[in-house]
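# Topology and contacts: notes
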Amino acid sequence: MKYPNEGFDPKNIEALKKEIKASGKMFKIVPSEENSDEFVNFYFIGMYEGKEVIYDAALYTLRLHHSSEVYELAEHEAAKKFPNFKGINYQEDENGNLKPLSSEEEEIGWFITEIIMDIEEEETVKVQEFVDIDTNHDYGIGLDAALHVEYIDDKVISKFIKDYNEDTLVLDETLYSFQSEEEEEDV
């Protein structure tokens, strides 16, 4: 039988079920350097159109989602002001130390920092909890979600999966804006 991708294949679903059961959790963390206390990529089993499927989930804090949106907006503003802007690329020397940025990259960096501070101060960007589903994902079904929690841990992930699978997940529709951590310490 042909499946949309490997995450729909019952053999893979059963293998993941066994792995999850052996771990005593409801999910399997996808090993990644990007995983942190504010972002976790994991697999879990759920239903889609009446069939079991593997969900490839990315769960992050609302604060991280806000920071990403703010940075993206600041980069957009930098691209308008600096026509040659393609992103700032940090490079390491042979000792693993960061090489100095060019004067233009440094100027762009300061510009982005100022824009970020303005956006945060004016609370231009507001975010709310969400769940996005990607049915054209390369493995199973992609799921991106942001929750208004301080950090992502096993307890948060398990509650999310339980609520999602039982269709009892209630998202907070409040719009939030955040300040950078460093600024909060100065206040």
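Here we summarise the structure given alongside this text. (Residues numbered from 1 in each chain as written. Predicted model: local features only at pLDDT ≥ 70, side-chain atom pairs only at ≥ 80, totals over all residues. Heavy atoms only, no water.)

## Brief notes about the sheet that holds strand S5 (residues 141-147)
Operational definition: When DSSP locates at least two bridges between a pair of strands, those strands are taken to pair. Secondary structure elements are taken from DSSP: a helix is a run of H or I of four residues or more, a strand is a run of E of two residues or more, and numbering for both begins at the N terminus. Residue contacts are defined here by distance: any two heavy atoms, one from each residue, within 4.5 Å place the two residues in contact. All axes are obtained by fitting lines to C-alpha atoms, using only the stretch in contact for helices, and the reported angles, taken between N-to-C directions, cover 0 to 180 degrees.
Pairing within the open sheet is mixed, and its five strands lie in the order S1-S2-S3-S5-S4. In the strand order of this sheet, the two ends are held by strand S1 (28-29) and strand S4 (130-134), each with one partner. The strands that helix H4 (residues 154-165) touches are S1, strand S2 (39-48), strand S3 (51-61), S4 and S5; relative to S2, the one it contacts most, it runs at about 25°.

## Overview of the pairing of S2
Test applied: The cut-offs for exposure are 20% and 50% of the maximum accessible area for each residue type, with area from a 1.4 Å probe on protein chains only; residues under the lower value are buried, those over the upper are exposed, and the others partly exposed.
With eight of 10 residues buried, S2 is to be regarded as a mostly interior element. Judged from the two bridges that link them, S1 and S2 form a sheet pairing that is antiparallel. Following the sheet pairing, Lys-28 is matched in S2 by Tyr-43. The sheet contact formed by S2 and S3 spans 10 bridges and is antiparallel. The residue bridging Tyr-43 from the neighbouring strand is Asp-56, located in S3. Counting the residues in the hairpin turn of S2 and S3 gives two residues, including Glu-49, whose phi is positive at 50°.

## Regarding the packing of aromatic side chains
Here is the rule: Aromatic pairs are defined between Phe, Tyr and Trp rings, using the six-membered ring for Trp, whenever the two ring centres lie within 6.5 Å; interplanar angles under 30 degrees are classed as stacked, those over 60 as edge-to-face, and all others as tilted.
All chains considered together, the criterion is met by 11 aromatic pairs. The interplanar angle of 10° and the centroid separation of 4.9 Å between the aromatic rings of Phe-44 and Tyr-55 together place this pair among those described as stacked. Within this pair, whereas Phe-44 is found in strand S2, its partner Tyr-55 is found in strand S3, the two being separated by 11 residues in sequence. For Phe-44, a relative accessible area of 0% corresponds to the buried category. Residues Phe-82 and Phe-111 carry aromatic rings whose centres are separated by 5.6 Å and whose planes lie at 75° to one another, so their mutual orientation is edge-to-face. Of the two residues, Phe-82 is situated in the loop between helix H2 (62-81) and helix H3 (103-122) and Phe-111 in helix H3; the sequence distance between them amounts to 29 residues. When sorted by exposure, Phe-82 lands in the same class as Phe-111, which is buried. Taken together, the ring pairs in this structure connect Phe-27, Phe-42, Phe-44, Tyr-55, Phe-160 and Tyr-164 into an aromatic cluster.

## Here's the deal with the packing of H2 against H3
When two helices pack together, their arrangement is captured by the angle between the axes and the distance separating the axes. Our working definition: Oblique is the label for any angle not covered by the other classes, which are roughly parallel (under 35 degrees), roughly antiparallel (over 145) and roughly perpendicular (65 to 115). The handedness criterion is simple: a crossing whose near helix is rotated anticlockwise from the far helix by less than a right angle is left-handed, and one whose near helix is rotated clockwise is right-handed. When residues are grouped by polarity, Ala, Val, Leu, Ile, Met, Phe, Trp, Tyr, Cys and Pro land in nonpolar, Asp, Glu, Lys and Arg in charged, and all others, Gly among them, in polar.
Contact pair H2 / H3: the axes reach a minimum separation of 9 Å and the direction vectors enclose 130°. It follows from the interaxial angle that H2 and H3 lie oblique. As for the relative orientation of H2 and H3, their crossing is right-handed in sense. Only Ile-108, Phe-111, Ile-112, Ile-115, Ile-116 and Ile-119 of H3 make contact with H2, whose side of the interface consists of Val-70, Tyr-71, Leu-73, Ala-74, Glu-75, Glu-77, Ala-78 and Lys-81. Residues of the contact of H2 with H3, tallied by class, amount to 11 nonpolar, no polar and three charged.

## Here we look at the nonpolar core
Here is the rule we go by: In plain words, nonpolar cores are sets of buried Ala, Val, Leu, Ile, Met, Phe, Trp, Tyr and Cys residues tied together by side-chain atoms within 4.5 Å.
Of all hydrophobic cores here, the largest spans 21 residues; its most connected members are Tyr-60, Ala-78, Phe-85, Ile-108 and Ile-112. Breaking this core down by element, the ones donating at least two residues are S3, H2 and H3. Of the residues forming this core, the biggest block, six residues, is contributed by H3. When neighbours within four sequence positions are excluded, Tyr-60 is seen to be in contact with Glu-38, Phe-39, His-65, Phe-130, Asp-144, Ala-145, Ala-146, Leu-147 and Ile-152. By size, the runner-up hydrophobic cluster in this structure holds 18 residues, among which are Phe-8, Phe-44, Phe-160 and Ile-161.

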